[in-house]
Amino acid sequence: MRVLVLCTGNSARSQMAEGFLRAMDRGWEVYSAGTEPAEQVNPYAVEVMREVGIDLGGSRPKPVEQFLGEPFDLVLTVCGEAERSCPVFRGRVGRRVHIGFEDPARAVGSPEEVRKVFRRVRDQIQGKMRELL
């Protein structure tokens with residue numbers, strides 16, 4: 001099973017979803033990308049994923065364009081903007097699914113308040129990825 005997870009910046013939600021899918025089924029090839037990739041994976045995403053035993057430390061945001069010619073069994077969008085601007089893939093795509101999540105990168109407040117938002121979104125993503133499997 002080849003899966004591509006898309007969001008806008010590929011810095012939090014899609015990275016977390018990729019991490020969970022990889023950990024839940026090691027037989028799947030899972031990638032993530034962004035329609036407008038950020039410069040780095042959000043440090044809070046790295047931190048809260050480490051709390052559940054998944055290391056995103058070596059991950060980097062990637063542009064969706066690098067995957068357009070590849071075949072995927074599933075293209076999963078995890079934010080509304082990526083769903084609206086999802087490009088046409090030249091490779092075969094079995095299914096497209098949208099499961100939207102709040103953008104934790106927009107959280108404001110103290111570092112602990114921001115962590116709480118990232119943890120909540122992380123837990124929501126984990127639950128939905130389990131359902132998807």
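Reading the values: rules and limits
- Residues numbered from 1 in each chain as written.
- Predicted model: local features only at pLDDT ≥ 70, side-chain atom pairs only at ≥ 80, totals over all residues.
- Heavy atoms only, no water.
- Pairing = 2+ DSSP bridges.
- Helix = DSSP H or I, 4+ residues; strand = E, 2+ residues; numbered from the N terminus.
- Axes fitted to C-alpha atoms, helices over the stretch in contact; angles between N-to-C directions.
- Contact = heavy atoms within 4.5 Å.
- Right-handed = clockwise from strand over helix to strand, strands pointing away.
- Left-handed = near helix turned anticlockwise from the far one by under 90°.
- Nonpolar A, V, L, I, M, F, W, Y, C, P; charged D, E, K, R; others polar.
- Core = buried A, V, L, I, M, F, W, Y, C linked by side-chain atoms within 4.5 Å.
- Buried < 20%, exposed > 50% of the residue type's maximum accessible area, 1.4 Å probe, protein only.

If you walk across this open sheet you meet the four strands as β2-β1-β3-β4, and the pairing is parallel. Each of the sheet's edge strands pairs with one partner strand only, and the pair in question is β2 (29-34) and β4 (93-98). The sheet shows a mean angle of 20 degrees between the axes of neighbouring strands, direction not considered. Note: strand β1 (residues 2-7) against strand β3 (residues 72-77), four bridges, orientation parallel. By the bridge assignment for β3, L4 is matched with V75. Strands in contact with helix α1 (residues 13-24) are β1 and β2; relative to β2, the strand with the most contacts, it is inclined by about 180 degrees.

Every other side chain in a regular strand lies on the same face of the sheet, so the side chains alternate between the two faces. Bridge count for β1 against β2 is six bridges, and the pairing is parallel. Bridge assignment links L4 to a residue of β2, and that residue is Y31. Handedness of the β-α-β unit built from β1, α1 and β2 comes out right-handed.

It is worth spelling out the packing of helix α2 (residues 43-50) against helix α4 (residues 111-132) at this point. Two numbers describe how α2 lies on α4: the axes approach to 9 Å, and their chain directions differ by 65 degrees. At the point where α2 passes α4, the crossing takes the right-handed sense. Note on element contacts: α4 touches α2 through P111, V114, R115, F118, R119 and R122, opposite Y44, A45, E47, V48 and M49. A class-by-class count of the residues in the contact of α2 with α4 yields seven nonpolar, no polar and four charged.

This part takes up the nonpolar core. V5, M16, L76, I125 and M129 are the most contacted members of the largest nonpolar core, which has 30 residues in total. Taken together, the elements giving at least two residues each to this core come down to β1, α1, α2, β3 and α4. With six residues, α4 is the largest single contributor of residues to this core. Not counting chain neighbours up to four residues away, the residues in contact with M129 comprise A17, F20, L21, M24, L76, I99 and F101. Ranked by size, the runner-up nonpolar core spans eight residues in total, among them L4, L6, V64 and V75.

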